[in-house]
Amino acid sequence: SDVCSSDLLALRGQAVSRAWLAATLWPDSEDSRALQYLRRELTYIRKALGSKGHLLSTSGRSLQLDLSDVDCDLFEFDAAIKKGDEASLELAVSLYRGSLLEGCEEPWAMPEREAREDATRHYR
């Protein structure tokens, strides 16, 4: 099944430890196996990014997905909700097109999805 690794990195928006990321994405695997899976996923992420976005290794133990040069409606939505003025909230509602990461049933995705759904319900 798709573990949505790039989605988790994008949602964090900051450096995360490789060990935490591997354990979150493959909780039923031994640490060494989960890190092996993560290395494989990072290869796929780098290929998928091409010339857009950057996968940064801020140290040998942490990773960050820099999407500052990528247009992303999720980031616009989050920024508009945070700004909170009427025009921004109208923008956020217009950007909302359904559940975040629909089809990704990983435990870490649920709170991220619920937070955006709650924000949208609140302002509709």
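Notes on the structure follow.

**Focus: unusual backbone geometry**
Despite not being glycine, Leu 101 has its phi angle at roughly 55°, a positive value. Within the fold, Leu 101 resides in the loop between α5 (86-95) and α6 (109-123). Residue Leu 101 is classed as buried on the basis of its relative accessible area of 17%.

**What about the packing of aromatic side chains?**
Counted by the stated rule, this structure contains two aromatic pairs. The interplanar angle of 50° and the centroid separation of 5.7 Å between the aromatic rings of Trp 26 and Tyr 37 together place this pair among those described as tilted. Residue Trp 26 is located in the loop between α2 (18-25) and α3 (31-49), and its partner Tyr 37 is located in helix α3; the two are separated by 11 residues in the primary sequence. According to the relative accessible area criterion, Trp 26 is buried, its value standing at 10%. Seen in terms of ring centroids, Phe 77 and Tyr 96 are 6.1 Å apart; in terms of plane orientation they differ by 40°. Their pairing is tilted. One end of the pair, Phe 77, is in helix α4 (residues 73-83); the other, Tyr 96, is in the loop between α5 and α6, with 19 residues separating them in the sequence. Look at Phe 77 and you get buried, because its relative accessible area is 5%.

Cut-offs applied
Residues numbered from 1 in each chain as written. Predicted model: local features only at pLDDT ≥ 70, side-chain atom pairs only at ≥ 80, totals over all residues. Heavy atoms only, no water. Helix = DSSP H or I, 4+ residues; strand = E, 2+ residues; numbered from the N terminus. Buried < 20%, exposed > 50% of the residue type's maximum accessible area, 1.4 Å probe, protein only. Phe/Tyr/Trp six-rings, centres within 6.5 Å; stacked < 30°, edge-to-face > 60°.

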